[in-house]
Amino acid sequence: MTLEITHVTKQFGSFTALKDVSLSVRKGSSLGLVGESGSGKSTLARCILRLDTLTAGQITYAGTDIHAISAAEMRALRARLQIVFQDPYASLNQRMSVHDIIAEPLIIHKARFPMTASQRTARVLELLVQVGLGPEHLYRFPHEFSGGQRQRIGIARALACEPEFLILDEPTSALDVSVQADILNLLQGLQDRLGLTYLFISHDLAVVRYMCDEVAVIYHGEIVEHGPASLVLDAPQHDYTRMLLAAMPDPDPDKSPFLHRI
Ligand SMILES: Nc1ncnc2c1ncn2[C@@H]1O[C@H](COP(=O)(O)OP(=O)(O)O)[C@@H](O)[C@H]1O
Ligand SMILES: [Mg+2]
């Protein structure tokens, strides 16, 4: 197991956002974390990246206790463990060019990625091509792009330091239905080519079914169901999972443009 979350509880004052959460993610696999808005998904992502402290429990990555290591060790680990956020508009610095946005992590981690400025630009270009953009986009600014293109820029930035593990926090939820499938296909291709491990957070079971090997269902901060995607989604054991499934759009591909496209 690459990521092990063991009995994690997170409280904000008297409010319990995560309650005794235990999950593990196998190297090279894709775990879907599904639940409604407010169920604790992003809090778990923040705890994994040590952007929040834990109230109880432990999270290890490749055997390293994330909440016990030094700040310097954590900085090094952050290069291997990256996150892509839901809203690429909010998460990209509007005053920076695409080049500078994608080059920034390489500069932050320059001890691991020693490069001249022109080598860095070549690497940025390679990353842009990897996400389906090109040299004509290098010196443009976020506001000049569509939502889907901005998410591609966010993905390129997350890939800059050759991470092993990506947390994808609702990566297509802010996008038009017509471009969601393009981004999901891009993420799948990248996973195959780069051998990435994904924690894929979503409230959309159709997306999780398409992307994930395993699914965990979170409800009010508790994991209520966890197992292979086919089992959880086709034979749900918990009432909450059944309710989520019942709320899904019509799976008839003729009636659902999104499912038709993927
Ligand atoms: N820093 C915080 N302080 C207080 N409450 C928080 C904080 N962060 C998240 N919460 C609460 O924790 C719950 C889970 O939030 P979140 O993890 O963002 O849910 P999700 O990502 O599933 O929509 C929400 O009720 C939210 O208001
Ligand atoms: Mg969230």
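Anything mentioned here points back to the structure above.
Please read all numbers here as calculations on a predicted model, not as lab measurements. (Residues numbered from 1 in each chain as written. Chains lettered and ligands numbered in written order. Predicted model: local features only at pLDDT ≥ 70, side-chain atom pairs only at ≥ 80, totals over all residues. Heavy atoms only, no water.)

**Notes on the side chain of T2**
Inclusion rule: Put simply, DSSP H or I for four residues or longer makes a helix, DSSP E for two residues or longer makes a strand, and each gets a number counted from the N terminus. When a residue's accessible area, from a 1.4 Å probe over protein chains only, is under 20% of the maximum for its type it is buried; when over 50% it is exposed; and in between it is partly exposed. For this analysis, residues touch if any pair of their heavy atoms sits within 4.5 Å.
Mapped onto the elements, T2 comes out in the segment before β1 (3–12). Look at T2 and you get buried, because its relative accessible area is 9%. For T2, the residues in contact, after removing those within four places along its chain, are V25, R26, K27, T60, Y61, A62 and F165.

**Quick word on the site of ligand 1**
Threshold: Only heavy atoms are used to decide nearness, and a residue is near a molecule or strand if one of them lies within 4 Å of it. Pairing of N or O atoms within 3.5 Å defines a polar contact, subject to two protein rules: one partner must be a possible hydrogen donor and the other a possible acceptor, and residues neighboring in sequence count only if both atoms are side-chain atoms. All accessibility values rest on the Shrake-Rupley procedure with a 1.4 Å probe; residue burial counts only the protein chains present in the view. Polar here means any residue other than Ala, Val, Leu, Ile, Met, Phe, Trp, Tyr, Cys and Pro, which are nonpolar, and Asp, Glu, Lys and Arg, which are charged; Gly is therefore polar.
Within the structure, ligand 1 sits among F12, F15, A17, E36, S37, G38, S39, G40, K41, S42 and T43. Note that an oxygen atom of ligand 1 is positioned 2.7 Å from one of the backbone N or O atoms of G38. Between ligand 1 and the protein, one listed contact pairs an oxygen atom with a side-chain N or O atom of T43 at 2.6 Å. Taking 560 Å² as the accessible area of ligand 1 by itself, protein coverage stands at 57%. Of all the secondary structure elements, the ones that give two or more residues to the shell around ligand 1 are β2 (15–25) and α1 (41–48). Among the elements that take part in the shell around ligand 1, α1 stands out by supplying 3 residues, more than any other. Residues belonging to the shell around ligand 1 are distributed by class as follows: 3 nonpolar, 6 polar and 2 charged.

**Here we look at the sheet that holds strand β4 (residues 56–61)**
The condition that has to hold: At least two DSSP bridges between two strands are required for those strands to pair.
Overall, antiparallel pairing links the 4 strands, which are arranged β2-β1-β4-β5 in an open sheet. Each edge of the open sheet carries a strand with a single partner, namely β2 and β5 (64–65). Taken together, the 7 bridges between β1 and β2 define a ladder with antiparallel strand orientation. The residue bridging L3 from the neighbouring strand is V25, located in β2.

**Considering the packing of aromatic side chains**
Cut-off, in case you're wondering: The pairing test for Phe, Tyr and Trp rings, Trp by its six-membered ring, is centres within 6.5 Å, and the orientation test on the planes gives stacked under 30 degrees, edge-to-face over 60, and tilted for anything in between.
For the structure shown, the criterion picks out 2 aromatic pairs. Judged by centre distance (5.8 Å) and plane angle (85°), the ring pair of Y61 and F165 falls under edge-to-face. With Y61 in strand β4 and F165 in strand β7 (residues 165–169), the pair connects residues that are 104 residues apart, well separated along the chain. The class of F165 is buried, set by a relative accessible area of 0%.

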